[in-house]
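Breakdown of the fold
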Amino acid sequence: MSGVFVLRTGPLSVRVTRRALVVCALLWAVLIALALWAFTLGSYSLTLGDLTAVLTGTAGNSVRTVVLEWRAPRIVAAVLFGAALAVGGAIFQSLTRNPLGSPDVIGFTTGSYTGVVLTLLAGATGYSALAAGALAGGLITAFAVYLLAFRRGVQGFRLIIVGIAVGALLSSVNTWFLVKVDVDTALQAAVWGAGSLSAVDWPAVAMAAVALAGVAVVAPVAQRRMRRLELGDDTAAMLGVPVERTKLLLVVLGVVATAAVTAAAGPIVFVALAAPQIARRLTGHGTSVDLAGSALVGAILLLGADIAAQHAIPGVLLPTGAVTVCVGGAYLLVLLARESRRGF
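Read on for a plain summary of the structure. (Residues numbered from 1 in each chain as written. Predicted model: local features only at pLDDT ≥ 70, side-chain atom pairs only at ≥ 80, totals over all residues. Heavy atoms only, no water.)

Some details on the overall build of the chain
Counting its regular elements, the chain contains 13 helices and two strands. Computed over the C-alpha atoms, the radius of gyration of the chain is 20 Å, within 12% of the 20 Å expected from 2.2 N^0.38 for a compact globule of 344 residues. Reported as C-alpha extents along the three principal axes, the dimensions of the chain are approximately 65 × 60 × 40 Å. Counting every position in the chain, which comprises 344 residues, the buried fraction comes to 49%. Within the chain, counting contacts between residues at least 6 apart in sequence, those at least 24 apart form 72% of the total. Accessible area of the chain: about 16,400 Å², with a carbon and sulfur share of 69%. In the chain, 23 positive and 13 negative side-chain charges are present, and the distance between their average locations comes to 13 Å. (Helix = DSSP H or I, 4+ residues; strand = E, 2+ residues; numbered from the N terminus. Rg over C-alpha atoms; globule rule 2.2 N^0.38 Å. Buried < 20%, exposed > 50% of the residue type's maximum accessible area, 1.4 Å probe, protein only. Contact = heavy atoms within 4.5 Å. Areas by Shrake-Rupley, 256 points an atom, 1.4 Å probe, with all protein chains shown as cover. Lys, Arg positive; Asp, Glu negative; His and termini not counted. Charge placed at Lys NZ, Arg CZ, Asp CG, Glu CD.)

Here is the structure:
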C-alpha cells in the first residue's frame, strides 16, 4: 500500500504511514525545542552556549548546578510523565472506544490519590512508599470498576459510567480524610493533590522511569492487541485475542503508567484525556490507537503546561495541575459539544 511502511524489531513489526512518520518527526523537533527553551528560562538566565558548556564539561559550578540539579529533573520529569499519562489515556480510550475514557475521568487517578492519602496518613512520605500507595489505590479502584462493570464482558460505556461513579465516591472519601486529619498532614496532602513538578528530583525521576520502561517494553504488543480489540470483541476473539484477559492486562498497564506519575507529582489531569485525541487527528489514524504519537503529544502538553505554570505570571509559581485543568477544561467542553452534535 502506498505511503505505508513496516518497521521490524525482532519478532515485532509495526505498520506506519508516511504521514505518521512526518508528524512524529515534527513532534520530536517541537519537544526538543521546547525543552531547550525551558532550560534557558528562569531568574538565572542561561543561553544555548551555557547548555553546550555543561554537556562538554566546561561550564562553571553555578551553571552546572542550575542545569543539572534544578532544571533538568523537572524538564525530564515533564517529558516522561506527560508521555506516561498520554499512553495511559490512549490505552483506556481504546479499551472503552470512547474519547472520554481517560483514567482521570473514570476514577483511576482519584483512586491513586486515595492510595497516596492513606499512605501519608500512615506517616510514610518517601517516593517508594507513595508509589506503592498510588499503584495499590489505582489497581484496587480499577479492579473494583472492572468487576462492577462486568456483565458477560466489559463494555466501554458501562465502564465509563461506573468509573465516574466510583471516582466521585472516592473524591468524597479523600475530602473526608483531609477534614479529619491534623492540619500538617492535610496541608501536605492538599499541596501534593494540586499536581506539581516543583518537588521532583532525580531519585523520583529514576524510580518512575523504571516503571515506565516496563510499560514501554510491553507497549508494542499492547498496541497490536488494542487495534484488534477496536474491531469488536467478537472479531478480536476470531483473530486469536483472549478478549477479557487482554482487557484486564490493559487496565493494569494503564494504571501503572498513570500511578507512577501520580506518586511523583500528584494527580495531573486532562493530559491523558487530550493527548491521544490530538495525536489521532495529527497522524490521521482515525479511531486507531497510536501510542508513540500520543506519548509525544503528552510530553509536549505537560512540558508546555509546566513552563506556563512557572513563567506565565511573573513572580507567581502555579501548580502544573492548575494549568492542565484550565486547558483541559476548555478541551473537554469542545469534546463534549462535538460528541453531543454527533449523537443527535
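What about the nonpolar core?
Counting 59 residues, the largest nonpolar core has V67, F81, L197, V200, I268 and L303 as the members making the most contacts within it. Looking at which element gives the most residues to this core, the answer is helix α3 (residues 61-96), with eleven residues. Apart from the residues within four sequence positions on either side, V67 is in contact with F39, L46, L51, V54 and A72. (Core = buried A, V, L, I, M, F, W, Y, C linked by side-chain atoms within 4.5 Å.)

Some details on a nonpolar patch on the surface
A surface patch of nonpolar side chains, about 410 Å² in accessible area, is lined by W28, I32, L36 and L48. Of all the elements, helix α1 (residues 18-40) adds the most residues to the nonpolar patch, at three residues. With respect to the helices and strands, L48 occurs in helix α2 (residues 48-56). (Patch = residues over 30% accessible without salt bridge, like charges linked within 9 Å, V, L, I, M, F, W, Y side chains within 5 Å. Salt bridge = Lys/Arg side-chain N within 4 Å of Asp/Glu carboxyl O.)

A look at a positive patch on the surface
A contiguous patch of positive charge, built from R224, R225, R228 and R245, is present on the exposed surface. In this fold, R225 is placed in helix α8 (residues 202-229).

Focus: the packing of α2 against α3
The geometry of a pair of packed helices is captured by two quantities: the angle between their axes and the separation between those axes. At their nearest, the axes of α2 and α3 sit 10 Å apart, and the two run at 90° to each other. Comparing their axes, α3 and α2 come out roughly perpendicular. When α2 is examined against α3, the residues D50, L51 and V54 are found in contact with a partner set consisting of V63, R64, V67 and L68. The residue makeup of the contact of α2 with α3, split by class, is five nonpolar, no polar and two charged. (Axes fitted to C-alpha atoms, helices over the stretch in contact; angles between N-to-C directions. Parallel < 35°, antiparallel > 145°, perpendicular 65-115°, else oblique. Nonpolar A, V, L, I, M, F, W, Y, C, P; charged D, E, K, R; others polar.)

Some points on the side chain of Q93
With respect to the helices and strands, the residue Q93 is situated in helix α3. Engagement of the side chain of Q93 in a polar contact is seen with the side chain of Q277, the distance being 2.7 Å. Not counting residues within four places of it along the chain, the set of residues in contact with Q93 comprises N98, P99, G101, S102, A272, L273, P276 and Q277. (Polar contact = N/O pair within 3.5 Å; in protein donor to acceptor, adjacent residues only side chain to side chain.)

Some remarks on the pattern of salt bridges
Throughout the structure, instances matching the rule amount to one salt bridge. Close ionic contact of R74 with D306 constitutes a salt bridge, the shortest N to O distance being 2.9 Å. Taken together, the residues R74 in helix α3 and D306 in helix α12 (residues 291-311) connect sequence positions 232 residues apart. Here the two residues R74 and D306 agree in accessibility, since each one is buried.

Things to note about the packing of α8 against helix α10 (residues 243-265)
Relative orientation of the contacting elements α8 and α10 amounts to 145°, with a least axis distance of 9 Å. As for how α8 packs across α10, the hand of that crossing is left-handed. Touching A208, A211, L212, V215, V218, A222, R225, M226 and L229 of α8 are V243, T246, K247, L250, L253, V256, A257 and A260, all from α10. Grouping the amino acids of the contact of α8 with α10 by side-chain chemistry returns 14 nonpolar, one polar and two charged. (Left-handed = near helix turned anticlockwise from the far one by under 90°.)

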